Amino acid sequence: DTAVSQTPKYLVTQMGNDKSIKCEQNLGHDTMYWYKQDSKKFLKIMFSYNNKELIINETVPNRFSPKSPDKAHLNLHINSLELGDSAVYFCASSQATGRPSTDTQYFGPGTRLTVL
Amino acid sequence: QKEVEQDPGPLSVPEGAIVSLNCTYSNSAFQYFMWYRQYSRKGPELLMYTYSSGNKEDGRFTAQVDKSSKYISLFIRDSQPSDSATYLCAMTWGTSGSRLTFGEGTQLTVNP
């Protein structure tokens, strides 16, 4: 019954490799997000998709490319991985209701990426 | 200067203590304020949500917003060891997919 799920949970890879992280939500939400949390626990938004359309694209290297095949999925592909990409990546989803009290973002469990 | 400032702690208190967590912000466009709780190796979960200045209470938790001072607080009464987590303040200016701007998070430990 997981609401927002991510795979893999842990990812250890070498510099220069390309990797993908997958996210799925079964809440019926229309908006999905990718956040990066660094070693100091600072959580920063990277991308947001609403109904498969990119609506937020923060200053992120273009080695990072999100892809939303449908409303329930938002994947993150990272090319040419660098040491500084090591972090925990969180997927989140929300439903745009126009009422702030119900636009809650629900977070997945995170993917811990380590680049060696 | 960060848009949202939060003391990262760590903060260690005895069980039963009243805990006060705070954030300040610089962007007066922020209208909606949230507190998320994040247990170790888990995703953040929404704890409290507030919109207007004033207090909002939910059980042992009270969220306070002072828009004139650009200051928000979370109080935890009768703190329990199960409250040990990182608490992140977050805020946004709109809804419908608006991005949340988070504070750095305060790591709290409640000792039995």
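Basis of the calculations
Residues numbered from 1 in each chain as written. Chains lettered and ligands numbered in written order. Predicted model: local features only at pLDDT ≥ 70, side-chain atom pairs only at ≥ 80, totals over all residues. Heavy atoms only, no water. Pairing = 2+ DSSP bridges. Helix = DSSP H or I, 4+ residues; strand = E, 2+ residues; numbered from the N terminus. Axes fitted to C-alpha atoms, helices over the stretch in contact; angles between N-to-C directions. Disulfide = S-S within 2.5 Å. Buried < 20%, exposed > 50% of the residue type's maximum accessible area, 1.4 Å probe, protein only. Phe/Tyr/Trp six-rings, centres within 6.5 Å; stacked < 30°, edge-to-face > 60°. Contact = heavy atoms within 4.5 Å. Buried area = accessible area lost by both parts, 1.4 Å probe. Salt bridge = Lys/Arg side-chain N within 4 Å of Asp/Glu carboxyl O. Polar contact = N/O pair within 3.5 Å; in protein donor to acceptor, adjacent residues only side chain to side chain. Patch = residues over 30% accessible without salt bridge, like charges linked within 9 Å, V, L, I, M, F, W, Y side chains within 5 Å. Areas by Shrake-Rupley, 256 points an atom, 1.4 Å probe, with all protein chains shown as cover. Lys, Arg positive; Asp, Glu negative; His and termini not counted. Charge placed at Lys NZ, Arg CZ, Asp CG, Glu CD.

Student: So, the pairing of strand β5 (residues 45-50) of chain B: which residues are in play, and what are the values?
Tutor: One ladder, built from 5 bridges, connects strand β4 (residues 32-38) of chain B with β5(B); its direction is antiparallel. What sits directly across from M34(B), in β5(B), is Y49(B).

Student: Lay out the sheet that holds strand β7 (residues 64-70) of chain A in plain terms, naming residues and giving numbers.
Tutor: All names here are of chain A. Taking strand neighbours across the sheet as the criterion, the 4 strands line up as β1-β3-β8-β7 in an open arrangement whose pairing is antiparallel. Looking at strand neighbours, the two that pair on one side only are β1 (4-7) and β7, the edges of this open sheet. Across the sheet, the axes of successive neighbouring strands diverge by a mean angle of 20°, strand direction being ignored. Taken together, the 5 bridges between β7 and strand β8 (residues 73-78) define a ladder with antiparallel strand orientation. Counterpart to P66 in the pairing with β8 is L76.

Student: Help me get a handle on the state of the cysteines, residues and values and all.
Tutor: This model, assessed by the stated rule, comprises 2 disulfides over all chains. Paired by a disulfide, C23(A) and C91(A) hold their sulfur atoms 1.9 Å apart. Between C23(A) and C91(A), the S-S dihedral sits near -75°, and the bridge is therefore left-handed. Placement of the pair is C23(A) in strand β3 (residues 19-25) and C91(A) in strand β9 (residues 87-94), with a sequence separation of 68 residues. Here the two residues C23(A) and C91(A) agree in accessibility, since each one is buried. Through a disulfide, C23(B) is tied to C89(B); the S-S separation comes to 2.0 Å. Disulfide C23(B)-C89(B): torsion about the S-S bond near -100°, hence left-handed. Of this pair, C23(B) sits in strand β3 (residues 19-25) while C89(B) sits in strand β9 (residues 85-92), and the two are 66 residues apart along the sequence.

Student: Give me the lowdown on the packing of aromatic side chains, citing residues and values where you can.
Tutor: Centre-to-centre distance and the angle between the planes together describe a pair of aromatic rings. Within this structure, the stated rule accounts for 12 aromatic pairs over all chains. Ring geometry for F64(A) versus Y89(A): centroids 6.3 Å apart, planes at 35°, classification tilted. Residue F64(A) is located in strand β7, and its partner Y89(A) is located in strand β9; the two are separated by 25 residues in the primary sequence. Overall, F64(A) belongs to the buried group, its relative accessible area being 6%. Here the aromatic rings of F107(A) and F102(B) are separated by 6.1 Å at their centres, their planes lie at 75°, and the arrangement is edge-to-face. You can see F107(A) sitting in strand β10 (residues 106-107) and its partner F102(B) sitting in strand β10 (residues 101-102), one on each of two chains. Note on accessibility: F107(A) and F102(B) belong to one class, buried.

Student: Quick rundown of the interface of chain A and chain B? Include the residues and the values.
Tutor: At the interface, 26 residues of chain A touch 20 residues of chain B. Around 2000 Å² of area is buried between chain A and chain B when both sides are counted, 57% of it from carbon and sulfur atoms. Here chain A and chain B share 0 salt bridges between them. Scanning the region where chain A abuts chain B turns up 2 residue pairs in polar contact (both at pLDDT 80 or more).

Student: How would you explain a positive patch on the surface if you had to name every residue and give the values?
Tutor: Together, K9(A), R112(A), R41(B) and K42(B) make up a region of like positive charge exposed at the surface. Positionally, K42(B) belongs in the loop between β4 and β5.

Student: Quick one: what's the story with the pattern of salt bridges, residue by residue and with numbers?
Tutor: Applying the stated rule across the entire model yields 6 salt bridges over all chains. With a closest N to O distance of 2.8 Å, D85(A) and R63(A) form a salt bridge. Here D85(A) is found in the loop between β8 and β9, whereas its partner R63(A) is found in the loop between β6 (53-57) and β7, with 22 residues between them in sequence. The class for R63(A) is buried, based on a relative accessible area of 13%. A salt bridge links E104(B) to K2(B); the shortest N-O distance between them is 3.0 Å. With E104(B) in the loop between β10 and β11 (106-111) and K2(B) in the segment before β1 (4-6), the pair connects residues that are 102 residues apart, well separated along the chain. Residue classification places E104(B) among the buried residues on the basis of a relative accessible area of 14%. If you follow the salt bridges from partner to partner, you end up with R63(A), E82(A) and D85(A) in one network.

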